[in-house]
Amino acid sequence: MAEQSLQTLGEFLIEKQDDFQYSTGEFSRLLSAIRLASKVVNREVNKAGIADIIGVAGKTNIQGEAQQKLDVLANEIFITALSQREVVCGIASEENDDYIEIKSAANGHLSKYVVLIDPLDGSSNIDVNVSVGTIFSIYRRVTEPGNPVELKDFLQKGSAQIAAGYVVYGSSTMIVYTTGNGVNGFTLDPSLGTYYLSHPKMQFPSEGKIYSVNEGNYIKFPQGVKNYLKYCQMMEGDRPYTSRYIGSLVSDFHRNMIKGGIYLYPSYANAPNGKLRLLYECNPMAFIAEQAGGKASNGFERIMDIEPTELHQRVPFFCGSRTMVEKAEEFMRMDAVKD
Ligand code: P6P
C-alpha cells in the first residue's frame with residue numbers, strides 16, 4: 001500500500017484529539033515531542049554501530065565531541081524535546097536519581113502533565129546489535145498548577161495514567177501507545193521520517209505459546225514460578241510452549257502482543273522485588289497490555305493497583321496473554337498457600 005494512502009501519526013493525533021477528554025492540544029503537542037525525540041534517538045541508535053566501527057565510541061567522535069553513552073544521550077534528547085514544548089511540569093527518568101522540575105519560560109509551572117520515562121531500555125544490547133526501546137508513562141499532575149511539581153505527582157497508581165507507550169528500535173522502528181481507547185502501532189518510514197498507522201487496534205491473543213524469562217535465574221525463583229515453568233515445558237495438550245527471551249522488555253513484550261505469550265521477571269533470592277521498575281517500565285507496559293486485552297500483575301496483585309512509594313521501586317512482573325498470566329498466578333497462589 002502506498003504511503004500516501006496510510007494515515008500518519010500526526011493525522012491520527014488530530015483525528016483522535018476529540019476522543020481525549022483533555023483535548024486542549026497540549027496533549028497532542030506532548031506526544032509530538034515524544035515522536036520527534038524518538039526519531040532523533042532512532043538515528044543515534046542506528047549509527048551506534050558506525051561509531052564503534054570508526055572507533056569513536058567511549059572517547060570523542062570525529063567532530064571532537066565527547067561520545068556519550070547512548071542511554072545518557074537518549075535521556076537528554078527526550079528531556080530536551082519535552083521541556084521545550086511547555087507541556088510538562090516535571091519528568092522522572094530511569095537515568096536521573098530525582099525527578100526534574102520543568103519551569104517553562106512562557107507559563108512557569110502551569111503545564112498539567114508529568115512524564116515518567118525509561119529513555120533506552122535494554123541499552124546493554126546496543127553493543128551486540130539487539131533491539132532496544134523507550135518506555136513512557138503520562139499522568140496529569142495532582143498538585144495545584146502554577147506551583148512547582150512535587151514527588152506525589154509522580155507517585156500515582158498506574159490506573160491513573162492518561163497515556164503510555166513504547167518505541168521499539170528493531171528491524172523497523174515503531175511507536176505503540178494508548179490513551180485508554182485501545183492500542184495503536186505506528187511504523188517509521190526512515191526515508192521520509194514519518195510514522196504511519198501500521199497496527200491499528202492491537203490485541204493480545206488471549207492464549208499464547210511463548211514464555212519469556214531469564215531461565216538463568218531458575219534456581220533462585222519462587223517455587224510457584226518454577227512450577228509454572230515446568231508446566232510450560234510439559235508434554236501435554238498444546239505444550240510444551242516455546243521459550244523466547246531477547247533481554248529487551250520492549251522487544252519481548254511487542255513480539256508477545258503480536259503472537260501471544262507471557263513475559264516474566266519474578267522476584268528471586270537476592271532481588272525480592274525483581275528487577276523491573278514499577279513507574280516507568282511496569283505501569284506503562286501494564287496499561288498497554290490491559291488496553292490490548294492482556295493482563296499484568298506482580299504474581300498476585302494487578303500492577304496498576306500498586307500504590308507507589310518510591311520513584312525507582314521495583315516489582316515482580318508477569319505480563320501478557322490473559323489466560324497465561326492467570327495460569328502463572330494460579331501457580332503463585334498454590335505455592336503461597338503452602339507457605
Ligand atoms: P536480565 C533490560 O536491562 C531490562 O530492564 C529489560 O529490558 C529486560 O527484559 C531485562 O532487564 C533483562 O534482564 O536480568 O534477564 O538480563
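Residues numbered from 1 in each chain as written. Predicted model: local features only at pLDDT ≥ 70, side-chain atom pairs only at ≥ 80, totals over all residues. Heavy atoms only, no water.

## Re the site of the ligand
What surrounds the ligand is the set Asp121, Gly122, Asn214, Tyr245, Gly247, Ser248, Leu249, Tyr263, Tyr265, Lys275, Leu276 and Glu281. Between the ligand and Asn214 there is a distance of 2.9 Å, counted from an oxygen atom to a side-chain nitrogen or oxygen. For the ligand, an oxygen atom lies 3.0 Å from a polar atom in the side chain of Lys275. If the ligand stood free it would expose 400 Å²; the protein chains cover 79% of that surface. Counted by class, the shell around the ligand contains five nonpolar, four polar and three charged residues. (Near = heavy atom within 4 Å. Polar contact = N/O pair within 3.5 Å; in protein donor to acceptor, adjacent residues only side chain to side chain. Areas by Shrake-Rupley, 256 points an atom, 1.4 Å probe, with all protein chains shown as cover. Nonpolar A, V, L, I, M, F, W, Y, C, P; charged D, E, K, R; others polar.)

## Things to note about the sheet that holds strand β2 (residues 100–101)
One open sheet holds the eight strands; their spatial order is β2-β1-β3-β4-β5-β6-β7-β8, and the pairing between them is mixed. With one partner strand each, in any of the chains shown, β2 and β8 (194–199) form the two edges of the open sheet. The pairing of strand β3 (residues 113–121) with strand β4 (residues 132–140) spans seven bridges and is classified as antiparallel. Bridge assignment links Asp118 to a residue of β4, and that residue is Ile135. Against the sheet, helix α5 (residues 249–259) makes contact with β3, β4, β5 (163–169), β6 (173–178), β7 (183–189) and β8, and its axis sits at roughly 100 degrees relative to β5, the strand it touches most. Sitting on the sheet, helix α6 (residues 278–291) is in contact with β1 (88–93), β3, β4, β5, β6 and β7, with an inclination near 85 degrees to β4. (Pairing = 2+ DSSP bridges. Helix = DSSP H or I, 4+ residues; strand = E, 2+ residues; numbered from the N terminus. Contact = heavy atoms within 4.5 Å. Axes fitted to C-alpha atoms, helices over the stretch in contact; angles between N-to-C directions.)

## Description of the state of the cysteines
A full pass over the atoms with the stated rule returns zero disulfides. Of all cysteine sulfurs in the structure, the one in Cys319 sits closest to Cys232, which takes part in no disulfide; the separation is 15 Å. The thiol sulfur of Cys282 is not disulfide-bonded, and the nearest other cysteine sulfur, from Cys319, lies at 8.2 Å. Classification of Cys282 by relative accessible area gives buried; the value is 0%. (Disulfide = S-S within 2.5 Å. Buried < 20%, exposed > 50% of the residue type's maximum accessible area, 1.4 Å probe, protein only.)

## Concerning the sheet that holds strand β9 (residues 210–212)
Across the sheet, five strands lie side by side as β10-β9-β11-β13-β12; this open sheet has mixed pairing. Edge positions in the sheet fall to β10 (242–243) and β12 (295–297), since each of these pairs with one other strand and no more. Inspection of the sheet shows strand β11 (residues 262–265) paired to strand β13 (residues 317–320) by four bridges, in the antiparallel sense. Bridging across to β13, Ile262 finds its partner in Gly320.

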